[in-house]
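Results of the structural survey
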Amino acid sequence: MPPPQQPISRILVANRGEIAIRILQACQELPSPPVTFAVYTDNDATHISLGRPHHAIKLPSASSYMNVGHLIELVKQHNIDAVHPGYGFLSESPEFSRRMWSEASCLVVGPGWDVLDRTGDKLKAKQLATECGVPVLKAMTRPTGSAADIRQFASQVGYPIMIKAVDGGGGRGIRLVKDESALENAVQRCIGESPSRTVFAEQAAVDGYKHIEVQIIGDGKGGIKHLWERDCSVQRRFQKIVEVAPAPVGDRKVVASVIESAVRMARQLKYLGLGTWEYLVNVRQGKFYFLEINPRLQVEHTISECITGVDLVKEQLLIAQGLQASTNTRMGESSDDAKEAPKSASIQLRLCAEDPLSGFALSIGKVGDVQFPTGNGVRVDSHLSRGGVVGADFDNMMAKIIVTASTWEDCVVKARRALEETKLTGVKTNLNLLKAIVADGTFASGDSDTSWLEENLDVLLQGGEKIAAETASLDNDLPSLSLNTSQSSSIGGSSGTTFRKGDAWNVVLETPGQSSSTTKPPAHHLSIERITRNEFPEALVADVSYTIPGAKPQSYKMTLNSTTASADATSSTHERGDPNNKAHIILPMSGKLIEVLVEEGDTVEENQVIAFVKQMKMELEIRAPQAGTIKWAIELDNEEGDDVAEGVLLAELEDETKKPHIRSRL
């Protein structure tokens, strides 16, 4: 049974980042705005300052977002009568929904624990699809933790197959297996990413298939409406990167059938609130297969809002209270509505802190400056305000850039313009890759499928770097624009230090411990030729001439960014390793160092695990590259781990070593 719909007077937003801001804003626009509560942790509170809740509650740690018991105590303490879980975290947990109601008489905004139980489990959702006559790929009927069971299924249906965690989400716990040799490792990886440690396998549909999902909204009594579809085919390792609405296809016959099947399944469930039905669709062949149901608000709900004019979060909050949902005529109800797409198009681009040129490694640290695009048809959902922090505890998405236009072609052009206007310093991002995607002819034609990005990744990465170089060249010819509004004032930031063309310094470099009586080394010479940005001490960008004694002057572009604040990784006191010292085991990526397994005097064998680093939801093993004795090992400052930047010294061996090995923790 669904939870009772009731008025909301005091609501807790149990999430962070841009989605917490989005929910808080929607609460403020309700006919009877409730008192709002939001939670935050150290170094992650920008959603509080931007979302402006009535009350802010500090959580003990990042893991508290997943602590059902702790959240129940907060609800009781503050007499809260509703919780909005957003997406991720506990948004799909039947236990969370059930316990909040039974232990605290508090409503969790969503479809209710019974529906969460039935739809959150992928095999149960497939069973529902079969009952409703919706096509599904051949799949195992029971979950397993055994590679032998998966191997037996593969022998029956043939390769390729897809292995999936029964309770996975957000692209985790999914592996495509093309032959027998890759099966064992894929099974273990998926089991390691499944909360229940159970998986299943299904036939894979890869060539020419798009990932299309349908936005559903239900009143809990069988009344179902749809907001058409979204095309989420541009993805890497099952992680969505770019989403568009509606699907840019010429023939909508199969898409209309997809939407009709989603509405039929939702009516069978008497679905309450927002939900997304996901499918694999081959438009040319006229085939489609049901994948799963996401019984919550989606990251990409924004583009459905933009093409229909419906505030989905506000509608969700109204329905949770039993209030009449919008009579907006830009919602569809019948299969006839689905045959014709809305007369506009929207694209969402996920800007993430990662380095595509280094295997998409997480990039953590302090965000120095942000410039987001503006103008007609541009929306940006972000928790960054005059900078921010990217750590290893949470998702690395920094912003959703959403563009909307009257046609698909105009929307693609607007996306290109919006990305050219986007600038961010302090961490590495996927911005250049996004630029390459929207500049590509296959994407612009609407023909990209689920395999397109990974099959063309190298070419796109090269294209993105070329576009970025052209943009930088154009920007260098323009007057500089400070992103710091305090620059012209006398308070903080750059105003305290003025640099001009022609300023020059003698630079004397002395080795540590060099005696003051020792003859001073000859001075180097640094002079400023052109300043493109002055926000010193936060940031300084300039063309400089640098002269080493006895050499000719060399021209450089110098970029300084402050790294002294907020991000533990960039302000860490941990020693950095020396790449030239072969005895140093240096951390090869950024992340949260959560466990160190060795200490001084320990003897380690080659390939022995010596530490674990966490990047978002994935734990990576750091292994000793050869046998030896630990001369020194890093010590953690915090019980839950330390944010560490690439290059930190992890351990030092008595013997010379090679580069450490990295593997995923299962």
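Residues numbered from 1 in each chain as written. Predicted model: local features only at pLDDT ≥ 70, side-chain atom pairs only at ≥ 80, totals over all residues. Heavy atoms only, no water.

Going by the annotation in an unreviewed UniProt entry, the name recorded for the protein is Pyruvate carboxylase, with Vermiconidia calcicola given as the source organism. The annotation that UniProt attaches to the protein under Cofactor (unreviewed entry) is "biotin". (UniProt positions renumbered as here; feature names shortened; annotations may be inferred.)

A separate point is the overall build of the protein. Each helix and strand counted, the protein has 17 helices and 35 strands in total. When the 666 residues of the protein are sorted by exposure, 53% land in the buried category. (Helix = DSSP H or I, 4+ residues; strand = E, 2+ residues; numbered from the N terminus. Buried < 20%, exposed > 50% of the residue type's maximum accessible area, 1.4 Å probe, protein only.)

Here the structure, examined in full by the defined rule, presents 37 salt bridges. Across the pair K240 and E278 runs a salt bridge whose closest N-O atoms are separated by 3.3 Å. Residue K240 is found in strand β11 (residues 239–245), and its partner E278 is found in strand β12 (residues 272–282); the two are separated by 38 residues along the sequence. Judged on exposure class, the residue K240 and its partner E278 are both buried. Salt bridges here are not isolated pairs; linked through shared partners, they connect E213, R230, K240, E243, E278, E300 and R350. (Salt bridge = Lys/Arg side-chain N within 4 Å of Asp/Glu carboxyl O.)

For the rest of this paragraph, the subject is the nonpolar core. Core analysis: the biggest nonpolar cluster contains 43 residues, and V242, I347, L349, M398, I437, F443 and L453 have the highest contact counts within it. Taken together, the elements giving at least two residues each to this core come down to β11, β14 (345–352), β21 (397–405), α13 (408–421), α14 (431–439), α16 (452–455) and α17 (457–476). Leaving out residues up to four positions away in the same chain, V242 has contacts with D231, C232, V234, I347, Q348, L349, L434, I437 and F443. With 32 residues, the next largest nonpolar core counts V13, I19, A82 and Y87 among its residues. (Core = buried A, V, L, I, M, F, W, Y, C linked by side-chain atoms within 4.5 Å. Contact = heavy atoms within 4.5 Å.)

All chains considered together, the criterion is met by eight aromatic pairs. Relative to F290, the ring of Y279 lies with its centre 5.8 Å away and its plane at 80 degrees, an arrangement referred to as edge-to-face. Residue Y279 is found in strand β12, and its partner F290 is found in strand β13 (residues 287–294); the two are separated by eleven residues along the sequence. By the burial criterion, Y279 is buried, and F290 matches it. Look at W408 and F443: their rings are 5.5 Å apart centre to centre, the planes differ by 55 degrees, and that puts the pair in the tilted class. With W408 in helix α13 and F443 in helix α15 (residues 441–445), the pair connects residues that are 35 residues apart, well separated along the chain. The class for W408 is buried, based on a relative accessible area of 12%. (Phe/Tyr/Trp six-rings, centres within 6.5 Å; stacked < 30°, edge-to-face > 60°.)

The next subject is a negative patch on the surface. A cluster of acidic residues, E599, E600, E635, D637 and E654, forms a negative patch at the surface. Following the sequence through the fold, E600 ends up in the loop between β28 (591–596) and β29 (603–604). Using a relative accessible area of 62% as the deciding quantity, one classes E600 as exposed. (Patch = residues over 30% accessible without salt bridge, like charges linked within 9 Å, V, L, I, M, F, W, Y side chains within 5 Å. Areas by Shrake-Rupley, 256 points an atom, 1.4 Å probe, with all protein chains shown as cover. Lys, Arg positive; Asp, Glu negative; His and termini not counted. Charge placed at Lys NZ, Arg CZ, Asp CG, Glu CD.)

With respect to topology, eight strands assemble into an open sheet ordered β13-β12-β9-β10-β11-β14-β21-β19, the strand pairing being antiparallel. The strands lining the two open edges of the sheet, one partner per strand, are β13 and β19 (378–382). Averaged over all neighbouring strand pairs, the angle between strand axes comes to 25 degrees, with direction disregarded. As judged from the six bridges shared by strand β9 (residues 210–219) and strand β10 (residues 224–236), these two strands associate in the antiparallel manner. Looking across to β10, one finds that I216 is bridged to H226. Lying on the sheet, helix α1 (residues 17–28) is in contact with β19 and β21; it crosses β19 at an angle near 110 degrees. (Pairing = 2+ DSSP bridges. Axes fitted to C-alpha atoms, helices over the stretch in contact; angles between N-to-C directions.)

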